[in-house]
Every structure is written in structure tokens, then in C-alpha cells.
Amino acid sequence: MTGFELTTNYLEQYRISCVPEVYYIPDFITEHDEEYLLRKIHEAPQPMWRTLANRRSASPYSFPLARLQIWGGIIKNGVLVGQKLPDWLDKFPDLVTRLRDTGAFKSAKHGQPNHVIVNEYLAGQGIMPHEDGPAYHPVVGTISLGSHAVFNYYKYADASTDDNAPSNNSNAGRAVDRTPLVSLLLKPRSLIITRSSLYTGHLHAIEERTQDVLGGDDGVKVANVHLVRAEEARTGGTLTRETRMSLTSRDVERVLDVERSGK
Ligand SMILES: O=C(O)CCC(=O)C(=O)O
Ligand SMILES: [Fe+2]
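Calculation rules
- Residues numbered from 1 in each chain as written.
- Chains lettered and ligands numbered in written order.
- Predicted model: local features only at pLDDT ≥ 70, side-chain atom pairs only at ≥ 80, totals over all residues.
- Heavy atoms only, no water.
- Near = heavy atom within 4 Å.
- Polar contact = N/O pair within 3.5 Å; in protein donor to acceptor, adjacent residues only side chain to side chain.
- Areas by Shrake-Rupley, 256 points an atom, 1.4 Å probe, with all protein chains shown as cover.
- Nonpolar A, V, L, I, M, F, W, Y, C, P; charged D, E, K, R; others polar.
- Donors = N, O, S within 2.8 Å, 3.2 Å for Na, K, Ca; no water.
- Helix = DSSP H or I, 4+ residues; strand = E, 2+ residues; numbered from the N terminus.
- Buried < 20%, exposed > 50% of the residue type's maximum accessible area, 1.4 Å probe, protein only.
- Pairing = 2+ DSSP bridges.
- Axes fitted to C-alpha atoms, helices over the stretch in contact; angles between N-to-C directions.
- Expected span 1.5 Å × (residues − 1).
- Arc of directions from axis to C-beta.
- Phe/Tyr/Trp six-rings, centres within 6.5 Å; stacked < 30°, edge-to-face > 60°.
- Lys NZ or Arg CZ within 6 Å of the ring centre and 35° of its normal.

We now examine the site of ligand 1. The full set of residues close to ligand 1 is N119, Y121, I127, H130, D132, T142, F151, H204, I206, R244 and S246. Contact between ligand 1 and N119: an oxygen atom at 3.1 Å from a side-chain N or O atom of the residue. Note that an oxygen atom of ligand 1 is positioned 2.6 Å from one of the side-chain N or O atoms of Y121. In isolation ligand 1 has 290 Å² of accessible area, and contact with the protein removes 92% of it. Residues belonging to the shell around ligand 1 are distributed by class as follows: four nonpolar, five polar and two charged.

Dropping the structure here:
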């Protein structure tokens, strides 16, 4: 068996049915890694934090605003003005290598991520339904730290079952199904990988809640129940949210290497 077949099989065991090309990998990092990464995120210089409009809370009076950090450089007109990732993302823990070794980034230009966004979610904060856009093709990997989230995928109300039109702004204003097509429980330390077709006809979101009611008669049925060690997801129960940090990694195809070109 070749290495490629091994990595293909590695991902296959984590595939989520119902949605194309989504993989949920529990315990992708250790508790020690998680603590260390959270410490490094908190130690980052204050100007690394910025706020974002689609992370505003439903209540206009709610503070603080949601925050994020961007590592690897800024994207201008589809080109990444590249900056070296900090050691805590690509040396210890060697997340970039570990993500590459899943095989998920094989179809991406550099075969591994070069850009990472840290999103902070206080309990009660979420992210409204959105598409990530072409810069996120063909693969995104998101690691959860500190707390869980319930991640929902939505279809456009008028979508055909095989909506493979390329993602672009023409989706603006299209009505979205109110009921999620599928929900996933993202546990701390897990990795979720989403590939290509999820970007062409689907949106994703995290609801603004302080608690998630799962399983049972009334709770959310999560599609990765067989991959999570959460009793609540299986038999029904409530998970209380705490502060969650997510690390969203991708391989931006076009890079202007400022540090190497000396500009
Ligand atoms: O924080 C997450 O898990 C998802 C973030 C996201 O969807 C985004 O940054 O576009
Ligand atoms: Fe997103």
C-alpha cells in the first residue's frame, strides 16, 4: 500500500455522511497542546486582535465584540502578502506538519496551510451563516480549543441537490433554508476538515447560545455522534459553552513572499 492510500484511508474513517467532503477528527491535539496554544494566543500582542462585522452578536447592546487574530499575512486582492507563521503554529506544536500529514491538503497548492485565523467565541457568541469564498478553496481545517461548538451547514432554499456552481458573489441575497442540513458537535481539541464542494452550495454558522441542547427528543441531532465521546450527544443533554478559540487553517494559493523578496 502506498503512502497516499494510507492517508486517504486515514481521513475516510472520519468522514461525515449527509454532506460532501467533511471530516471530523476527535482529539487531533493533546490537552497539553491545547493549553499551550491558548496561552500563546493570549500572549499575542494586543494589536493582533481585531473585530469583525459578521461576528456581531444578535443584540446590538452586547459587548464585548467578537475578536480574531490573523497569522500568516494579509490577503489583498486574492494574494497573500505572506508573513512567517509564529513558532507556536508551525514548530511547537507542529500543527502545519500535522495538518499536512492528514493528506487533506494534498490538492492545495503548497500541500499544507500557510494562513491561520484565530476566532474567539465568548459563551453566547456565534457566527452568522456565510460562505468562506474562493480564497478558502480547496480545503479548510479548523481546530477547536477551550470549549465546544455546534457547527451548522445550511443549503440555499432554491438549491438543487447537486449545486456545483462555483462560489461567487451571485449567491448574495439568495434565501437560505432555516433548518440546518446537518449539525456537528465540535469538541475541544478536534479538527474539522471541509473540502471543495462544501463551498459551492452551502453556508455554515454557529448559533449565538450559551448552551446547546443535544440528542433526546428535542435536542440537536449531530451527524458526528459516532465520533464524539460526549454522552449528551448520544442520549440527550445540555452542554454549556465556555470561551472557545478556533484555529482556521488554509493554503492560500497566491503568495507574495515579502520576507524573502525583501520588499
Ligand atoms: O470558528 C469556527 O469554527 C468557524 C469560523 C469560520 O467559519 C470562519 O472564520 O469563516
Ligand atoms: Fe467560515
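A few words on the coordination of the iron ion (ligand 2). The protein atoms donating to the iron ion (ligand 2) are H130 (NE2), D132 (OD) and H204 (NE2), with metal-donor distances spanning 2.1 Å. Written as a sequence motif, the donor arrangement for the iron ion (ligand 2) is H-x1-D-x71-H. With H130 in strand 7 (residues 127–130) and H204 in strand 12 (residues 202–206), this pair connects stretches of sequence that are 74 residues apart. Each of the two residues, H130 as well as H204, counts as buried.

Now for unusual backbone geometry. In this model, F92 is joined to P93 through a cis peptide bond whose omega is -10 degrees. Assignment of secondary structure puts P93 in the loop between helix 3 (87–90) and helix 4 (95–101). The backbone phi angle of R189 is positive, close to 80 degrees, even though this residue is not glycine. The residue R189 is located in the loop between strand 10 (182–186) and strand 11 (191–195) in this model.

What follows covers the sheet that holds strand 5 (residues 79–82). The strands making up a sheet associate through backbone hydrogen bonding, with each pair oriented either parallel or antiparallel. Overall, mixed pairing links the three strands, which are arranged 4-5-16 in an open sheet. Only two strands of the sheet have a single partner each, and these edge strands are strand 4 (73–76) and strand 16 (255–257). Taking the axes of each pair of neighbouring strands and ignoring which way they run, one obtains an average angle of 25 degrees across the sheet. Of the pairings in the sheet, the one linking strand 4 to strand 5 comprises four bridges and is antiparallel in character.

Over its 13 residues, helix 2 (residues 31–43) extends 18 Å from the first C-alpha to the last, a length consistent with the 18 Å expected when each residue adds 1.5 Å. Considered for burial, the residues of helix 2 that qualify are D33, E34, Y36, L37 and I41. Seen from one end, helix 2 has its buried residues packed into an arc of 165 degrees, which puts them on one side. Exposed side of helix 2, more than 90 degrees from the buried face: E31, H32, E35 and H42 are the residues found there.

Taken as a whole and assessed by the stated rule, the structure comprises four aromatic pairs. For the ring pair Y36 and F92, a centre distance of 5.1 Å and an interplane angle of 70 degrees mean the geometry is edge-to-face. Taken as a pair, Y36 in helix 2 and F92 in the loop between helix 3 and helix 4 lie far apart in primary sequence, 56 residues in all. The positively charged end of R67 is found above the aromatic ring belonging to W49, 3.8 Å away from the centroid. In this structure, R174 packs its charged tip against the face of Y156, placed 4.1 Å from the ring centre.

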